[in-house]
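A look at the structure
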Amino acid sequence: MANILIVEDERKMQDIISEYMNRGGHTCFVADDGVDALLLLKNQPMDLMILDIMMPHLDGFSVCRAAREMSGLPIIMLTAKSDEEDKLKGYEYGADDYMTKPFSPRVLLAKVNALLRRTSAMPADKPNDATGHALAAGGIELIPSSRKVFSGGIEITLTHKEYELLYFLMFNPRQVFSREQLLNRIWGYDFEGSTRTVDTHIKTLRQKLGSEGKCIVTLIRSGYKFEVAK
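All values reported here derive from a predicted model rather than from experimental measurement. (Residues numbered from 1 in each chain as written. Predicted model: local features only at pLDDT ≥ 70, side-chain atom pairs only at ≥ 80, totals over all residues. Heavy atoms only, no water.)

The pLDDT averaged across the chain works out to 85; a share of 91% of its residues lies at or above 70. Note that pLDDT drops below 50 for residues 121-131; the model gives that stretch 16 contacts with residues more than four away or on any other chain. (pLDDT = per-residue confidence, 0-100. Contact = heavy atoms within 4.5 Å.)

Here it is in structure tokens:
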């Protein structure tokens, strides 16, 4: 079904994760460290990466940041820490989800499948998938058929979650969504993170949009909306 890159230096954990991904019908590629992981990403198309944080040579944060410069593939990070700041740091570098060790391999497989479904599926609020209509507002243009985004005429690279956030807000202009609503809509009801995840993604999305980032408006104690200033 999908090519999964497993980046984990513990062989036993590698084997366990690979076994469950194979049971789910996926093809697994493994890397013992961050350097090998980036080489694999350059030479082999991947649909999703499962990435441990604590590794030799390059830690998971460095790999995540480098991977984001190469690809928008979904990334699930594995960590032995449950510290929220650690998770927020991962989201800043482009991670899509987290699992804290020890974890259930079955739950990890379920998260992988859910993330792959959300990656391949168009947002439920999209009108007709066949139309491929672009969304354009202010200096931002989003093309669903190719998942390309332009800001001020320049193409920008977004992570999967950043793209979904932008699409959802642009498709529902001037509507205010709370952090909880955005978290449930983009990450799903089973997501284990906090609403600060939304703030972190909005922050990086605005930065990538440059001067057009002002179209994403913060409403104190209410949430966010997409609106082009007149």
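Across the sheet, which stays open at both edges, the 4 strands sit in the order E6-E7-E8-E9 with antiparallel pairing between neighbours. Since the sheet does not close on itself, it has two edges, and those belong to strand E6 (135-137) and strand E9 (154-156), each with one partner. Strand-to-strand twist in this sheet, taken as the mean axis angle between neighbours without regard to direction, amounts to 20°. Inspection of the sheet shows strand E7 (residues 140-143) paired to strand E8 (residues 148-151) by 4 bridges, in the antiparallel sense. Its bridge partner lying in E8, Ile-143 is registered against Lys-148. (Pairing = 2+ DSSP bridges. Helix = DSSP H or I, 4+ residues; strand = E, 2+ residues; numbered from the N terminus. Axes fitted to C-alpha atoms, helices over the stretch in contact; angles between N-to-C directions.)

Two faces, one strand: in a regular strand the side chains alternate between the faces of the sheet. In terms of burial, strand E1 (residues 3-7) is a largely internal element, 5 of the 5 residues being buried. Here E1 shows two buried faces, one formed by Asn-3, Leu-5 and Val-7 and the other by Ile-4 and Ile-6. One ladder, built from 5 bridges, connects E1 with strand E2 (residues 27-31); its direction is parallel. Its bridge partner being in E2, Val-7 is matched across the sheet by Ala-31. Two strands pair when backbone bridges link them, and E1 and strand E3 (residues 48-52) are joined in this way by 4 bridges, in the parallel orientation. What sits directly across from Ile-6, in E3, is Ile-50. (Buried < 20%, exposed > 50% of the residue type's maximum accessible area, 1.4 Å probe, protein only.)

Strand order across the open sheet formed by 5 strands is E2-E1-E3-E4-E5, with parallel pairing between neighbours. The two strands at the open ends of the sheet, each matched to only one other strand, are E2 and strand E5 (97-100). Direction aside, neighbouring strands of the sheet carry axes that sit 20° apart on average. The pairing of strand E4 (residues 75-79) with E5 spans 4 bridges and is classified as parallel. By the bridge assignment for E5, Leu-78 is matched with Met-99.

Below, the discussion takes up the pattern of salt bridges. A full pass over the atoms with the stated rule returns 9 salt bridges. As a salt-bridge pair, Asp-97 and Lys-111 come within 3.2 Å of each other at their nearest N and O atoms. On the criterion of sequence distance, the pair formed by Asp-97 in strand E5 and Lys-111 in helix H5 (residues 105-120) is long-range, its members being 14 residues apart. Comparing Asp-97 with Lys-111 shows no difference in burial state: the two are buried. Salt-bridge contacts for Arg-179 lead to Asp-199; the nearest nitrogen and oxygen are separated by 2.7 Å. Linking Arg-179 in helix H7 (residues 179-187) with Asp-199 in helix H8 (residues 196-209), this pair joins segments that are 20 residues apart in sequence. The exposure class assigned to Arg-179 is partly exposed, which follows from its relative accessible area of 21%. Take Asp-199: its relative accessible area is 26%, and that puts it in the partly exposed class. Each of Glu-8, Asp-52 and Lys-101 takes part in one network of salt bridges that share partners. (Salt bridge = Lys/Arg side-chain N within 4 Å of Asp/Glu carboxyl O.)

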